[in-house]
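Residues per chain, in single letters:
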Amino acid sequence: MKLNVISFTEKGIRLAEKLGEQWQRENRLAKPPALYAKCSVFEKKSSVIRVSGSVTAWAGERMESEGALVFIGACGIAVRAIAPWVKDKCRDNPVLVMDERGEYVIPILSGHLGGANELAEEIARVMGAVPVITTATDINRVFSVDLFAKKNGLEIVNREGIAKVSARALAGEILTASIQEKFLPDAGSLFSSELENQTGGEIRVVKYPPEQPVDLVISEEKKKFPCKILLRPKLYVVGMGCKRGKDAGAVADFIARSLREAGISEGEVLALATIDQKKEELGFLQWCQKKRVSFFTYSAEELAEVPGEFHGSEFVKEQVGVDNVCERAALKACGPGGVLVCEKKKAEGMTFAIARREWSVTWNAE
């Protein structure tokens, strides 16, 4: 995840630069942090971008783009800056605060679903700081349904259920879950006592569909269940290719139209995948950021190794080094067991395909 770091003092700028250097040293494959400064005393440096407008405007622009926001300064500055842009628990960017001495890292927005808590732990590790985590389920080490959903690639259908399930977990109560049989780790042969051992005793798994009200239901069936929270597996990966610089609105419209024609909702999409030559394609990046969808890119060599029959193009092979991007990328991102459910389609300089991944629930997903 890309870091967008803003500081407000000379000391803060130096800490931001140190964070940038340490982050790249520890995460060589990650995008380098973008460093910004908003202060009266400013020495122009190649690694630091001066913010001429308001911090609120800066925050709004960053929250419309990719990555996390890291404020080096007072929590109040960060809260006021992001306040107009905070909209959706399930889609807000992760936002963190560091003091300018670099002693503490505090996630203040999107701790679980956005990954701010994990990011705070990682920044603290590379900087020798202390992460200040305030999320109740984390500090009490109990089951967190939103973190479980994120790590398993599950759509939270009714987000109001998060608080209800968390309250029961924090009260020390055993949660009940009903899981569509094909998504159980061993195709549905285990129930109750055996699965309780896998979940650490916090969850009791009952038969599907539930006959009595339960806390969690995991199902791809689009119907109502007697439960506090419904989780739907994100079983699909979108594979795409496009001409360079394709308008972001055109990309979003094409994806929406193609998914609608396939009978798949945006909430069921786990990721968008493409060739690494498109890793900076703004239309792809913006759609993934807005929809909270993972963005995977692969080299031409990696895509060429994907087995199967594809709608190849010699022209595409001459341009990017592999005969098909969208179908191969979708299957590559699915991993073993993935199957194409929507073959290559073209429109307005873009290509699109959908693959369905093979998935089962993992209680201790990393």
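This structure is a prediction, so every number in the text was calculated from the model and none was measured.

(A) Highlighting the overall build of the chain. Per the secondary structure count, the chain includes 13 helices and 17 strands. Expected size for 366 residues packed as a compact globule is a radius of gyration near 21 Å; at 22 Å, the chain falls within 12% of this value. Referenced to the eigenvectors of the C-alpha coordinate spread, the extents of the chain come out at roughly 65 × 60 × 35 Å. Across the 366 residues of the chain, 51% fall into the buried class. Counting 51 positive and 50 negative side-chain charges, the chain places the centres of these two groups 4 Å from one another.

(B) Here's a closer look at helix α4 (residues 116-127). For α4, which comprises 12 residues, the first-to-last C-alpha distance of 16 Å matches the rise-based estimate of 16 Å (1.5 Å per residue) to within 8%. Those residues of α4 that sit buried are A116, N117, L119, A120, I123, A124, V126 and M127. Two residues or fewer past α4, G128 is found with a positive phi of approximately 70 degrees.

(C) Summary view of the pairing of strand β14 (residues 269-275). Among the seven residues in β14, seven count as buried, and that is most of the element. You can see the chain leave strand β13 (residues 236-242), run along helix α9 (residues 248-262) and come back into β14, and the turn it takes is right-handed. With five bridges connecting them, β14 and strand β15 (residues 294-298) associate as parallel partners. Each residue of the ladder has a partner; that of I275, found in β15, is Y298. With helix α10 (residues 282-291) bridging β14 and its parallel neighbour β15, the resulting β-α-β unit is right-handed.

(D) Broad picture of the sheet that holds strand β4 (residues 68-72). As summarised here, the arrangement of the seven strands in space is β3-β2-β1-β4-β5-β6-β7, forming an open sheet in which the pairing is mixed. Each edge of the open sheet carries a strand with a single partner, namely β3 (48-50) and β7 (130-131). The strands touched by helix α2 (residues 55-63) within the sheet are β1 (3-7), β2 (34-37), β4 and β6 (104-109), with β4 carrying the most contacts at an inclination of about 155 degrees. This element, α4, spans β1, β4, β5 (95-98), β6 and β7 of the sheet and lies at about 165 degrees to β6.

(E) Main features of the pairing of strand β17 (residues 350-356). Taken across its seven residues, β17 has seven buried, putting it largely inside the fold. The side-chain alternation of β17 yields two buried faces, one formed by M350, F352, I354 and R356 and the other by T351, A353 and A355. Sheet topology note: the β13/β17 ladder contains seven bridges and is antiparallel. If you follow C242 over to β17, its bridge partner there is M350. Pairing analysis gives six bridges linking strand β16 (residues 339-347) to β17, with the strands arranged antiparallel. Note that in β17 the partner of C342 across the bridge is I354. Hairpin connection between β16 and β17: a loop of two residues separates the two successive antiparallel strands, and E348 in this loop has a positive phi of roughly 50 degrees.

Here is what the cut-offs are and how they apply
- Residues numbered from 1 in each chain as written.
- Predicted model: local features only at pLDDT ≥ 70, side-chain atom pairs only at ≥ 80, totals over all residues.
- Heavy atoms only, no water.
- Helix = DSSP H or I, 4+ residues; strand = E, 2+ residues; numbered from the N terminus.
- Rg over C-alpha atoms; globule rule 2.2 N^0.38 Å.
- Buried < 20%, exposed > 50% of the residue type's maximum accessible area, 1.4 Å probe, protein only.
- Lys, Arg positive; Asp, Glu negative; His and termini not counted.
- Charge placed at Lys NZ, Arg CZ, Asp CG, Glu CD.
- Expected span 1.5 Å × (residues − 1).
- Right-handed = clockwise from strand over helix to strand, strands pointing away.
- Pairing = 2+ DSSP bridges.
- Contact = heavy atoms within 4.5 Å.
- Axes fitted to C-alpha atoms, helices over the stretch in contact; angles between N-to-C directions.

Structural measurements only, silent on function.
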